[in-house]
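# Fold and geometry: a report
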Amino acid sequence: MLLPNNPSTAREARRPAAWARLVAGALVMAAFVFLLMQGYAPPGPAGDVLRNSLKSGIDATPLFYTDLETPYPDD
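This is a predicted model, so every value here is computed, not measured. (Residues numbered from 1 in each chain as written. Predicted model: local features only at pLDDT ≥ 70, side-chain atom pairs only at ≥ 80, totals over all residues. Heavy atoms only, no water.)

Moving on, we get to the overall build of the chain. Tallying secondary structure elements over the chain gives two helices and zero strands in all. Taken across its 75 residues, the chain has 4% of its residues classed as buried. (Helix = DSSP H or I, 4+ residues; strand = E, 2+ residues; numbered from the N terminus. Buried < 20%, exposed > 50% of the residue type's maximum accessible area, 1.4 Å probe, protein only.)

Bringing a nonpolar patch on the surface into the picture now. Where nonpolar side chains cluster on the molecular surface, the patch consists of Phe-32, Val-33, Leu-36, Met-37 and Leu-50 and spans about 480 Å² of accessible area. Of the residues forming the nonpolar patch, the biggest block, four residues, is contributed by helix α1 (residues 7-37). The exposure class of Phe-32 is partly exposed, given its relative accessible area of 49%. (Patch = residues over 30% accessible without salt bridge, like charges linked within 9 Å, V, L, I, M, F, W, Y side chains within 5 Å. Areas by Shrake-Rupley, 256 points an atom, 1.4 Å probe, with all protein chains shown as cover. Salt bridge = Lys/Arg side-chain N within 4 Å of Asp/Glu carboxyl O.)

Note: α-helices contain 3.6 residues per turn, so residues at a spacing of three or four share the same orientation. An ideal rise of 1.5 Å per residue puts 16 Å on 12 residues; helix α2 (residues 45-56) measures up with 16 Å between its terminal C-alpha atoms. Gly-57 lies just past α2 and shows a positive phi near 75°. (Expected span 1.5 Å × (residues − 1).)

Applying the stated rule across the entire model yields one salt bridge. Notably, a salt bridge pairs Arg-51 with Asp-48, separated by 2.9 Å at the nearest N-O pair. Note that Arg-51 and Asp-48 are positioned in helix α2 at a spacing of three residues, about one turn of the helix. On the accessibility criterion, Arg-51 (36% relative accessible area) is partly exposed. Note on Asp-48: relative accessible area 47%, which makes it partly exposed.

Following this line, the structure appears as structure tokens:
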């Protein structure tokens, strides 16, 4: 595709491709999140950890630390 010499027009000619890449990336990310939400785990060590957590009923989220009343232990 030949782009015109005018920079403003050249930028406008690339704009649909940029939007298409953005939408494609958002769809891939959404599909990945949806796949993980269904309980599927990736292969390998990371998947082993996720599968063990699911099987054992472990809620291994960072929100665990929000349940603490104080960040300092009692003396």
